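Topology and contacts: notes
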Amino acid sequence: MAEQQINKQPVAQAEAPERERAVLVAVVRDGQDPRQAAEYLDELEFLAETADIVCVRRFTQRLAQPSARIYVGPGKLEEIAAWCGDNAIDVVIFDDELSPSQTRNIERAMPCRILDRTRLILDIFMRRAQTAYAKAQVQLANYEYMLPRLAGMWTHLERQRGGTGTRGGAGEREIETDRRIVRGRIAKLKEELQKIDRQMAVQRSNRGSLVRVALVGYTNVGKSTLMNLIAKSEVFAENKLFATLDTTVRKVVFDNLPFLLSDTVGFIRKLPTQLIESFKSTLDEVREADLLLHVVDISHPQFEEQIGVVRQTLADIGAGDKPVFLVFNKIDAYTCVEKEEDDLTPPTRENITLDELKGSWIARANTPCIFISARERTNIDKLREDLYGMVREIHAGRYPFNNFLY
């Protein structure tokens, strides 16, 4: 019997969807360093990359303040619109939050859709949210952002007369219906979050009087990687912004001394106020912590500004008075540009060596700090020793006559 030969056809692989193409737009304020503006746009581009958008060009304009009507000048707006139309651009991303009137005015001039910084961050949070709690928090922030920006003045409901007779006012318009629906969803989400907040408050109260340590810092500085090293856990870590949205709490034991370590959502410049309010319960882990491990990416050119952003955000949420231990991470990625011998200009930030930087920070009063590399596991043992000493001091103050642990 002849063997039947089966011709195996190659399986057609699904093509990856084409990424959206975008241009970035920013206003450089008077007195602002152009390099700082470029670094802000670098961060905006990183945000776009996290949202799977590829940036093809940047537009900047120096103004005293962004235009209250169209953000940039009329000529610049025409230039951006013409370039986007000629180059098949899908989206224009602005490096500030646009007001509802700015959004409407710019949309009339643009041949493509527009995003502002807040909308882009909300979209990333929508993608990153995994648990029902995180999704509810992000949805609430999204609806609160949308409410003043609802568009559409349709009047097809005007036939619904407001009076009982033949005479009556115009009926409810579409925009009013949309606003009522959104307000209803906001109220429902707030009720759901209040229930979850009470449940999480009970969970926190059941943890007893263990010392609580919280990891805080700018987004993408290595908090989750450090969490995995200290707690020997498997928290998701990725080289993208806002990889962690849900707070993760792990019990850690150093030489018979137990404490709780929590990994929280990262902060960022111009973090939308809607998100801060929606993530109130998540940030309660920071407010109730006994010690904050402030992780800093020392390889970032603007790490000192990032420290200021985190400190300001901590103050905004009522955690500005917590004891802080600065952990300078990514020393393996730190670079220094040596000056030429005949260069008489004063040294800049990029000309400072790592040893000089260490000396300047260690010499500062009331600033306990350590320099590590979580990826290369450099100085991790010293971090454990320092953290043990701080937790032990807090524990001894809470239980002065309990010496059996150490």
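It should be noted that the structure appears before, not after, this text.
Worth saying up front: this structure is predicted, and the values here are computed from it rather than measured. (Residues numbered from 1 in each chain as written. Predicted model: local features only at pLDDT ≥ 70, side-chain atom pairs only at ≥ 80, totals over all residues. Heavy atoms only, no water.)

Observations regarding the nonpolar core
The biggest cluster of nonpolar side chains holds 68 residues, and the ones touching the most others in it are Ile-93 and Leu-226. With near-sequence residues (within four places) excluded, Leu-226 lies in contact with Leu-215, Val-295, Val-327, Ile-372, Ala-374, Ile-380 and Leu-383. Judged by nonpolar contacts, the second largest core, of 19 residues, contains Val-25, Val-72, Leu-77 and Met-110. (Core = buried A, V, L, I, M, F, W, Y, C linked by side-chain atoms within 4.5 Å. Buried < 20%, exposed > 50% of the residue type's maximum accessible area, 1.4 Å probe, protein only. Contact = heavy atoms within 4.5 Å.)

Digging into the environment of Val-216
With respect to the helices and strands, the residue Val-216 is situated in strand 5 (residues 211-217). As for Val-216 and Val-324, which are separated by 108 residues in sequence, their C-alpha atoms are 9.6 Å apart. If near-sequence neighbours (up to four positions away) are discounted, Val-216 is found in contact with Lys-223, Thr-264, Val-286, Leu-292, Leu-293, His-294, Val-295 and Leu-314. (Helix = DSSP H or I, 4+ residues; strand = E, 2+ residues; numbered from the N terminus.)

Notes on the pairing of strand 7 (residues 257-263)
Of all seven residues in strand 7, seven are buried; the element is thus mostly enclosed. Here strand 7 shows no split at all, with Leu-257, Phe-259, Leu-261 and Asp-263 on one side and Pro-258, Leu-260 and Ser-262 on the other all buried. The pairing of strand 5 with strand 7 spans five bridges and is classified as parallel. Following the sheet pairing, Val-213 is matched in strand 7 by Leu-261. Where strand 6 (residues 248-254) and strand 7 come together, seven bridges link them in antiparallel fashion. (Pairing = 2+ DSSP bridges.)

Considerations on helix 5 (residues 132-146)
Taking 1.5 Å of rise per residue, 15 residues should cover 21 Å, and helix 5 covers 21 Å from first to last C-alpha, within 8% of that figure. Among all positions in helix 5, only Tyr-133, Ala-134, Ala-136, Gln-137, Val-138, Leu-140, Ala-141, Asn-142, Tyr-143 and Tyr-145 are buried. (Expected span 1.5 Å × (residues − 1).)

Details of the packing of aromatic side chains
Applying the stated criterion across every chain, the model contains five aromatic pairs. Between the aromatic rings of Tyr-71 and Phe-94, the centroid separation amounts to 5.4 Å while the plane-to-plane angle is 85°, which identifies the pairing as edge-to-face. With Tyr-71 in the loop between strand 2 (53-63) and helix 2 (74-86) and Phe-94 in strand 3 (residues 91-94), the pair connects residues that are 23 residues apart, well separated along the chain. Phe-94 shares its class with Tyr-71; the two are buried. Pairing Phe-254 with Phe-259 gives two aromatic rings, centres 5.3 Å apart and planes at 75°, and the pair type is edge-to-face. (Phe/Tyr/Trp six-rings, centres within 6.5 Å; stacked < 30°, edge-to-face > 60°.)

Describing the sheet that holds strand 5
Ordered by their spatial adjacency, six strands build an open sheet running 6-7-5-8-9-10, and the pairing between neighbours is mixed. In this open sheet, the two edge strands, each paired with only one partner strand, are strand 6 and strand 10 (369-371). In this sheet, neighbouring strand axes are inclined to one another by 25° on average, regardless of whether the strands run parallel or antiparallel. Note: strand 9 (residues 324-329) against strand 10, three bridges, orientation parallel. Note on strand 10: the bridge partner recorded for Val-327 is Ile-370. Of the strands in this sheet, strand 5, strand 8 (291-297) and strand 9 are in contact with helix 10 (residues 303-316), which crosses strand 8 at around 150°. (Axes fitted to C-alpha atoms, helices over the stretch in contact; angles between N-to-C directions.)

A look at the side chain of Ser-224
Structurally, the position occupied by Ser-224 is in helix 7 (residues 223-231). For Ser-224, a relative accessible area of 9% corresponds to the buried category. A distance of 2.7 Å separates the side chain of Ser-224 from the side chain of Asp-263, its partner in a polar contact. (Polar contact = N/O pair within 3.5 Å; in protein donor to acceptor, adjacent residues only side chain to side chain.)

Examining the sheet that holds strand 4 (residues 113-116)
With parallel pairing, four strands are arranged side by side in an open sheet as 2-1-3-4. Since the sheet does not close on itself, it has two edges, and those belong to strand 2 and strand 4, each with one partner. With direction set aside, neighbouring strand axes in the sheet form an average angle of 25°. The pairing of strand 3 with strand 4 spans four bridges and is classified as parallel. Pairing of Ile-93 across the sheet is with Leu-115, part of strand 4. Each of strand 1 (20-29), strand 2 and strand 3 is contacted by helix 1 (residues 34-50), which is oriented at about 150° to strand 2, the strand it contacts most. Across the sheet, helix 2 lies against strand 1, strand 2 and strand 3, angled at about 165° from strand 2, the strand it touches most.

What about a positive patch on the surface?
Taken together, the side chains of Arg-104, Arg-108, Arg-179 and Arg-183 define a basic patch exposed on the protein surface. Contributions of two or more residues to the positive patch are made by helix 3 (100-109) and helix 6 (174-205). Along the chain, the position of Arg-179 falls in helix 6. Since its relative accessible area comes to 32%, Arg-179 is described here as partly exposed. (Patch = residues over 30% accessible without salt bridge, like charges linked within 9 Å, V, L, I, M, F, W, Y side chains within 5 Å. Areas by Shrake-Rupley, 256 points an atom, 1.4 Å probe, with all protein chains shown as cover. Salt bridge = Lys/Arg side-chain N within 4 Å of Asp/Glu carboxyl O. Lys, Arg positive; Asp, Glu negative; His and termini not counted. Charge placed at Lys NZ, Arg CZ, Asp CG, Glu CD.)

With respect to empty space enclosed by the protein
By rolling a water-sized probe across the atoms, one finds the places where empty space is left. Under the counting rule described, the total for this entry stands at three cavities of 30 Å³ or more. What lines the largest cavity is simply Glu-39, Tyr-40, Glu-43, Tyr-218, Arg-269, His-300, Gln-302, Glu-305, Gln-306 and Val-309. Mapped onto the lining of the largest cavity, the elements with two or more residues apiece are helix 1 and helix 10. In the lining of the largest cavity, the residues fall into three nonpolar, three polar and four charged. (1 Å grid on protein atoms, 1.4 Å probe; cavity = no way out; pocket = protein on both sides within 12 Å on 5 of 7 lines; lining within 4 Å. Points joined across faces, edges and corners; volume = space filled by probe spheres on them. Nonpolar A, V, L, I, M, F, W, Y, C, P; charged D, E, K, R; others polar.)

Purely spatial values, then, with no claim about function.
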